[in-house]
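Each chain is listed here by its residues.
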Amino acid sequence: MTNKKTDDLAITCINTIRCVSADQPQNANSGHPGAPMGCAPMAHLLWGEMMNYSSKDPAWVNRDRFVLSNGHACALQYTMLHLTGYDLSIQDLKEFRKLNSKTPGHPECFASDGIELTTGPLGQGISNAVGLAIAERHLAATFNQDKFDVFDHYTYVICGDGCLQEGVSGESGSLAGHLGLGRLIVLYDDNSITIDGETELSFTEDVLKRYEAYGWHTQSVPDVANNVDELREAILKARAVTDKPSMIKVKTMIGQGSPSKQGKESAHGSPLGKDDLAAMKKSYGFPPDQDFYIPKEVQDYYDKASAKADEKRLEWEKMFQDYTKAHPEQAAEISRRFAHKLPEGILDKLPTYKAGKDKDLATRKHSQLCLTAIGPNMPELIGGSADLTPSNLTDYPGVVDFQKDSYMGRYLRFGVREHGMVAISNGIFAHGGLRPYCATFLNFTGYCLGAIRLTALSRFGVIFVMTHDSIGLGEDGPTHQPVETLEQLRCLPNIHVFRPADGNEMAAAYASALNTFETPTVICCSRSTVKNLESSSVEKAGKGAYAVIEEANPDLVVISTGSEVEFCVAAVEKLVESGIKTRVVSMPCQEIFLNQSEEYQRSVLSGNVPTLSVEASVVNGWHRFSHGQIAMGKYGASGAGPEVFKEFGFNAENIAEQGKNLVDFYKKHGNIPDVMNRPLPFYKLNVGQGEGVPH
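The structure presented is a predicted model; accordingly, all values stated were derived computationally and were not measured.

A.B. asks: Explain the sheet that holds strand β11 (residues 435-441) to me, please; I cannot follow it from the model alone.
C.D. replies: Sheet strands pair by backbone hydrogen bonding; their relative direction is either parallel or antiparallel. Pairing is parallel across the open sheet formed by six strands, whose spatial order is β10-β9-β11-β12-β14-β13. Each of the sheet's edge strands pairs with one partner strand only, and the pair in question is β10 (411-413) and β13 (496-498). In this sheet, adjacent strand axes meet at a mean angle of 20 degrees when their direction is disregarded. Bridge count between β11 and strand β12 (residues 463-467): five bridges; the pairing is parallel. Each residue of the ladder has a partner; that of C438, found in β12, is F464. Sitting on the sheet, helix α15 (residues 418-431) is in contact with β9 (381-385), β10, β11 and β12, with an inclination near 170 degrees to β11.

Okay, structure coming up:
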């Protein structure tokens, strides 16, 4: 037990956290004070005693990772970052939820030092944390040597009831238990309140029994209002369990200290009100009319705690110097990876193809050949499939499974957990030192789109391999045929959606993905065999679109993607027989094409020539490039792939007919609108600077 003086200081620190965390939403007239006030004892213990971190070097690779899964409680995290010396001033706290501040309404990993992950959508953070824990275990197994524990940090999470109700947390929690991730410790803020009211309205299960069934070590702390001794003991016990992740259920009171709102849903999503907040401060012995008040003894305590934590970094750096002398190659590899540098010559290992010489394959097989080429030579590449490895073809010769007894492995068996898979991959990327990829059928991105959105928002260069990308998958029918999914993904800012038409375009997709660290890439792959194109190349496809059949002065331009490109190529002979000179353009990635120079874009799509787009997807999005479209207007059908393509008009005969009809239409009506000649849309980019960028 601690002595009374220590207890009194701890209570003063906790009450300070409560007040400063409530000051932020009050000052902003917006935000969530209740959870930070209830979780204050946890935060005090983590930053004051338990965690290794460095406000002087926030990117220290062996820092303990902290994830605030209930991201609406971000005022708590901002308070702690300020108290422990991160680059977050009182003025920054006063700018909570203000435009362009370092303290946005939910944590954003690119906005402030000390924020590991972008959280807010509930369940994502705790799932990301599983990825962080996987990364730590893999890097430890890869690099640690006798007397040199280069990687041995913990991942701590604070989550709430809402996080544990979301299905994604169950998916990731189940996998974490299977993998025995003993350095993952979750503090469950059990405050019995949701937005609708008390949790008994909708959430009455025994959470600890559920997590025990997942294979977690579980504990319960019934009270942190008066001291943190039991919580301290529980965390120490959790750290001693090395073969299971830990869940500590901590009984709290939402809005703890508020005279009128504590324990009520009204403390959740609105400021306390000036009178209530002043009364709370007065009850703690703080000046009731002073905002953002931090007693000297409190700041002194966290200064010492921060300095002590930073000593751990300095000790680690001394150890790493010795490690570098003893194991120079491994040390250089660690440095390369965390500097985001690719292995030298890795892109040169990607395969290339010649039409008529090399075997025609489904693009999912071309994807596997790319992984086979780079996987053994890019040791930071780690990934897997949502129980579809034989279909996604995401393994390669020699790759070892990442399992409880083989943390050095680099192939992840995610199981049928698409949403959890992506959220975990986000955590792996956020950790650093690894480059994750993951896979499922393109249609099943519907299960994980929320996590993919956060990949793009967070600027994480995760690679998504999505196979069975169209109606061409055939017999499984419309439940599995993704007619709307391409456009759903293309609508997301800061994402590259590739749909390669042959092996060279697939190599271009991988080259682009590996080179693009702050933008995720979705590589959409066919189940059906495609022909290698005569004029394709990695360089051409790397520009997003190019002419696969060139015609200097065309009467018609046909644009297509993926498996439909070869149908368009086959249609040219029929069009030429009709006297229609035709250029065929393959557009594997719209986003990259739209970032090329206007001169290049015009050289591919002049805009004032009748242009027909052909893609087995919904029509949305193609009007910006074409005058006419062959597209999907329903959900597909069950049948052999070639028959389904023909049924919906994706064959040479129909493409030629619709191309001729389009040319005839403009011969009759004249006035061909220049689809490339329009004012650019105005918007600001997520990554870098700029506005008015075409998209």
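A.B. asks: Even after reading the chapter, I still don't get the pattern of salt bridges, so can you show me in this structure?
C.D. replies: Oppositely charged side chains are able to pair whenever their charged atoms sit close together. On inspection of all chains with the given rule, the structure shows 25 salt bridges. Residues E317 and R313 are paired through a salt bridge, measuring 2.8 Å at the closest nitrogen-oxygen approach. With E317 and R313 both in helix α11 (residues 296-326) and four residues apart, this pair spans about one turn of that helix. Of the residues examined, E317 reaches a relative accessible area of 28% and is grouped as partly exposed. The class for R313 is buried, based on a relative accessible area of 10%. In this structure, K660 engages D664 in a salt bridge whose closest nitrogen and oxygen atoms are separated by 3.1 Å. Remark: D664 and K660 occur in helix α24 (residues 652-669); sequence separation between them is four residues, near one turn of the helix.

A.B. asks: Would you mind showing me how to read the nonpolar core here?
C.D. replies: What tends to happen in soluble globular proteins is that the nonpolar side chains get buried as a cluster. By size, the foremost hydrophobic cluster in this structure holds 72 residues, and its most contacted members are I134, L164, L184, Y323 and I452. Ranked by residue count, the leading element in this core is helix α5 (residues 124-143), at 10 residues. Apart from residues lying up to four places away in sequence, Y323 is in contact with F143, Q145, F148, V150, P328, Q330, A331 and I334. The next biggest cluster of nonpolar side chains, apart from the first, holds 51 residues, and it includes Y53, L187, V221 and A234.

A.B. asks: Explain helix α7 (residues 167-179) to me, please; I cannot follow it from the model alone.
C.D. replies: Note: α-helices contain 3.6 residues per turn, so residues at a spacing of three or four share the same orientation. Spanning 13 residues, α7 covers 19 Å between terminal C-alpha atoms, matching the ideal 18 Å at 1.5 Å per step. Looking only at α7, the buried set comprises V168, S169, G170, S172, G173, L175, A176, G177 and L179. In this structure, the buried side of α7 is in contact with α5, α6 (161-165), β3 (184-190), α8 (207-214), β10 and α15. The first or second residue beyond α7 is G180, which carries a positive phi of 65 degrees.

A.B. asks: Would you mind showing me how to read the packing of aromatic side chains here?
C.D. replies: Aromatic ring pairs: the centre-centre distance and the angle between the two ring planes describe each pair. What the rule picks out here adds up to 26 aromatic pairs. An aromatic cluster of three or more residues is present, and its members are W60, F148, W316, F320 and Y323. When the ring centre of Y154 is taken as reference, the NZ or CZ atom of R183 above it lies at 4.5 Å. Over the ring of F110 we find R459; its NZ or CZ atom is 4.1 Å from the centre of that ring.

A.B. asks: Would you mind going over the packing of helix α13 (residues 363-374) against helix α18 (residues 503-515) with me for this structure?
C.D. replies: To characterise two packed helices, one gives the angle between the axes of the helices and the distance between these axes. Taken N-terminus to C-terminus, the directions of α13 and α18 make an angle of 50 degrees; their axes are 9 Å apart at the nearest point. Compared by their axis directions, α13 and α18 come out oblique. Of the two possible hands of crossing, α13 and α18 adopt the one that is right-handed. Listed contacts from α18 to T363, H366, S367, C370, L371 and I374 of α13 are G503, M506, A507, Y510 and L514. Within the contact of α13 with α18, the residues separate by chemical class into seven nonpolar, four polar and no charged.

A.B. asks: So what exactly am I meant to see when it comes to the state of the cysteines here?
C.D. replies: In a disulfide, the sulfur atoms of two cysteines are held together by a covalent bond. Using the criterion set out here, one finds zero disulfides in the structure. C19 takes part in no disulfide bond, and the closest cysteine sulfur to it belongs to C13, at a distance of 12 Å. Residue C19 is classed as buried on the basis of its relative accessible area, which comes to 2%. Cysteine C491 remains unbridged, with the sulfur of C524 as its closest cysteine sulfur at 14 Å.

A.B. asks: Is there a simple way to explain helix α16 (residues 445-458) in this structure?
C.D. replies: Along its 14 residues, α16 runs 18 Å from first to last C-alpha, staying within 8% of the 20 Å computed at 1.5 Å per residue. Most pronounced at A451, the bend in α16 amounts to some 40 degrees. Taken residue by residue, α16 has T445, C448, A451, I452, L454, T455, A456 and S458 as its buried positions. Residues of α16 that are buried make contact with α5, α15, β11, β12 and α17 (485-490).

Thresholds, definitions, all that
- Residues numbered from 1 in each chain as written.
- Predicted model: local features only at pLDDT ≥ 70, side-chain atom pairs only at ≥ 80, totals over all residues.
- Heavy atoms only, no water.
- Pairing = 2+ DSSP bridges.
- Helix = DSSP H or I, 4+ residues; strand = E, 2+ residues; numbered from the N terminus.
- Axes fitted to C-alpha atoms, helices over the stretch in contact; angles between N-to-C directions.
- Contact = heavy atoms within 4.5 Å.
- Salt bridge = Lys/Arg side-chain N within 4 Å of Asp/Glu carboxyl O.
- Buried < 20%, exposed > 50% of the residue type's maximum accessible area, 1.4 Å probe, protein only.
- Core = buried A, V, L, I, M, F, W, Y, C linked by side-chain atoms within 4.5 Å.
- Expected span 1.5 Å × (residues − 1).
- Phe/Tyr/Trp six-rings, centres within 6.5 Å; stacked < 30°, edge-to-face > 60°.
- Lys NZ or Arg CZ within 6 Å of the ring centre and 35° of its normal.
- Parallel < 35°, antiparallel > 145°, perpendicular 65-115°, else oblique.
- Left-handed = near helix turned anticlockwise from the far one by under 90°.
- Nonpolar A, V, L, I, M, F, W, Y, C, P; charged D, E, K, R; others polar.
- Disulfide = S-S within 2.5 Å.
- Bend = angle between axes of the 7 residues up to and from the residue.

From the geometry alone we can't say anything about function, so treat these as descriptive.
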